[in-house]
Structures are given as C-alpha cells and as structure tokens.
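Chains, contacts and geometry: an overview
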Amino acid sequence: MRSGSASNELPETDGPLGGSTAPAPPSWSSIPPGDHGVRLVVCDMDGTLLTKAGTVPDTFWPLLEVMRSRGVTFVPASGRQYATLAALFERAADEVSYIAENGCLVVHSGVTVSATCLDVDIVRQVVQAVREAPGATELGLVVCGLDSAYIERTDPAFVAEAAKYYARLERVEDLTAVTDKVLKLAIYDFTDAERTAERVFGSIAAREQVVVSGKHWIDIMSRDADKGRAVRSLQETLGIPPARTAVFGDYLNDLEMLNAARWSFAMANAHPEVRARARYLAPADDEDGVVTVLSRLFGS
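Within any chain, residue numbers begin from 1 and follow the written order of that chain's sequence. In keeping with the model being predicted, local features are shown solely for residues with a pLDDT of at least 70 and side-chain atom pairs are shown and tallied solely at 80 or more, while totals for entire chains, interfaces and linings include all residues. Derived side-chain values reflect all non-hydrogen atoms in the structure, with water molecules and hydrogen atoms excluded from consideration.

Considering the sheet that holds strand β8 (residues 169-171)
What counts, and what does not: Two strands pair if DSSP finds at least two bridges between them. The helix count covers DSSP runs of H or I at least four residues long, the strand count covers runs of E at least two residues long, and both are numbered beginning at the N terminus. For every element, the axis is a line fit to its C-alpha atoms; helices are fit only across the contacting stretch, and the angle between N-to-C directions ranges from 0 to 180 degrees. We call two residues in contact when some of their heavy atoms are within 4.5 Å.
Read across the sheet, six strands follow the order β8-β7-β6-β9-β11-β10 without closing on themselves; strand pairing throughout is mixed. Only two strands of the sheet have a single neighbouring strand rather than two, namely β8 and β10 (209-212). Between one strand axis and the next, the sheet turns by 25 degrees as a mean value, whatever way the strands run. The pairing of β10 with strand β11 (residues 217-221) spans four bridges and is classified as antiparallel. Bridge pairing in β11 places Q209 opposite M221. Against the sheet, helix α6 (residues 156-165) contacts β6 (139-145), β7 (149-151), β8, β9 (182-189) and β11, and its axis sits at roughly 30 degrees relative to β6. Packing of helix α7 (residues 193-201) onto the sheet brings it into contact with β6, β9, β10 and β11, and relative to β11 it is tilted by some 40 degrees.

What follows is the structure, given as structure tokens:
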C-alpha cells in the first residue's frame, strides 16, 4: 500500500533539495516503507550502484523486475560510455534507459533523446593542453565520440583504466585527427584530479564545463550538458515529474541531477558537497545502498 503521509509531507519543487550548510541529510531509514509513487529511478554507477569489482550487484536484478512490473523506468547515469553501460545491463536491455557520458548522451528505448557535442577547436585545445601540461606523463586523455572512444597513450596502466569505462576504445596516432563527433573529453590523472582541473584546465572552464567526476577523472563537456539536464529531458519525454523521480549519486558530477528529483540520495561514501545537496543519506555503495533504499521506496 502507498504510504501517503510521508510522500505528501515532501515539497513539490524542481529546485535544490537540501542545503549546502547542512552537515548531513536525514537517513534513508526515516522514510516509512511502502510504495511512494516513484516512477523514474536515475542512478550513478561507480561509487553508487556498482560493486567494487565494477559489476551490477546480484541483489539488483530481482528489484529491477519489481520496477518493471510497476511501470518504473530505471536509468543508469554515468560518465561511462553508452556501449559500456549497455554491456553492464545486457540481460535487461529492453527495460533500461541510459544517461551516458555524464549527460551528453541520453537514450530511451534504443532511441537517442539528446546528444550534446563539443566544438572541434575545444577538442584540439584540450589535446594540446594535456600534451603540454607540467607532469604530462601523469595525464591520459580519452576523446569520447558517438561511435567510439579514442586514445593516443599506449602504456598498460592508462589503457587499463580507460578500458574500464569505454568498451569501444580505439588507439589513434593523433587525437586531433579524430573525425567522430565528440561528446566529451575525459582526462585520467594518476595523482589528483581536483588539483589538475584548476591548474591545467582553468582557462577552458571559462567556456565549457570542467567537472571532476572521480578522484582520478576530469570530464570536459559542453555547458549545455550535465546529468541534471539529462534527467529533465527524460522526465519530459516520459511525462514523469520530479515528484515521482528518485536519484542516487556520490560525486561532484552528480550534483545537478540531485536538483531534478524530489527523492534525492547521497551515498554514505559520497563527496561532502553531494551529501550537503541531497535530501537523504543512503547506505554506502559497498553496503548495497541503492537496493536497500529502493526496496524501502517500493515497499518490496
């Protein structure tokens, strides 16, 4: 049975849910169990749903069946490539929509809802910045295209990191010669991504988005693309309002999508800014946090 009291007490709003001054949001356990009317679930992958081994937890699949039976759309939302996400959810391909490349690509029922690309001159500027950066050997660039992802570096350590997130990955001699439409530029930093984002790409941030998406990853994207805009485009496509949307995230590239949902959850292992923005705190990724919370929201 739907638990109307808890649901009706939450404000109907599209704006930020949670304050930057709050030390931590309330626990997920403060939500009474029951069907709270959620019909769109958007979930970050690394540090949120996936196991430390980078796989979907076994406990998730029965819950996906529950969501399917109730007409709920589940959406992986990640900096990962669309092909990589599709491979992760291959066993339920017809039941899942996708927000890939940190919101630059949105796919629903196999149809592209939106694709936001970068200008060629920005691609060339970033390639040059990576090549000339102090400590450039600590940086590796992935040019993320519509058809594939592309790299110049061939050392095993970098290739292994890139391959985790890009199932379609091609080695090229010169990244500036790539003719594919470019959704995003992803820079792997072997040391400290937050520090490098400002030091190396500060000037680019005046024109495009420079987002720290993990301890070692920086994403450069159009200012017209982020996970929040992607969630809103799906809400419009599906006719599902923020009041019936739940989102889960752990890192800075998840901040915008927390604003697009009435039910916003930061993982216990989340970055402090994410914890401050979310309405609720979920258990950590390695405690099956997403499945635990969704089971509560659906009363399953």
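Additional details are given in the paragraphs that follow.
Considering the packing of aromatic side chains
Under the convention used in this document: Aromatic rings from Phe, Tyr and Trp, taking only the six-membered ring of Trp, are treated as a pair when their centres fall within 6.5 Å; an angle between ring planes under 30 degrees marks them as stacked, one over 60 as edge-to-face, and anything in between as tilted. Each residue is placed in one exposure class: buried if its accessible area under a 1.4 Å probe, protein chains only, is under 20% of its type's maximum, exposed if it is over 50%, and partly exposed if it falls in between.
Summed over the entire model, instances satisfying the criterion amount to twelve aromatic pairs. Aromatic side chains W61 and F89 sit 6.0 Å apart centroid to centroid with 65 degrees between the ring planes, which places their arrangement in the edge-to-face category. Of this pair, W61 sits in helix α3 (residues 60-69) while F89 sits in the loop between α4 (82-88) and β3 (98-100), and the two are 28 residues apart along the sequence. The class for F89 is buried, based on a relative accessible area of 0%. Geometrically, the ring pair formed by W263 and Y280 is stacked, given 6.1 Å between the ring centres and 15 degrees between the ring planes. Remark: Y280 occurs in strand β14 (residues 280-282) and W263 occurs in strand β13 (residues 263-267); sequence separation between them is 17 residues.

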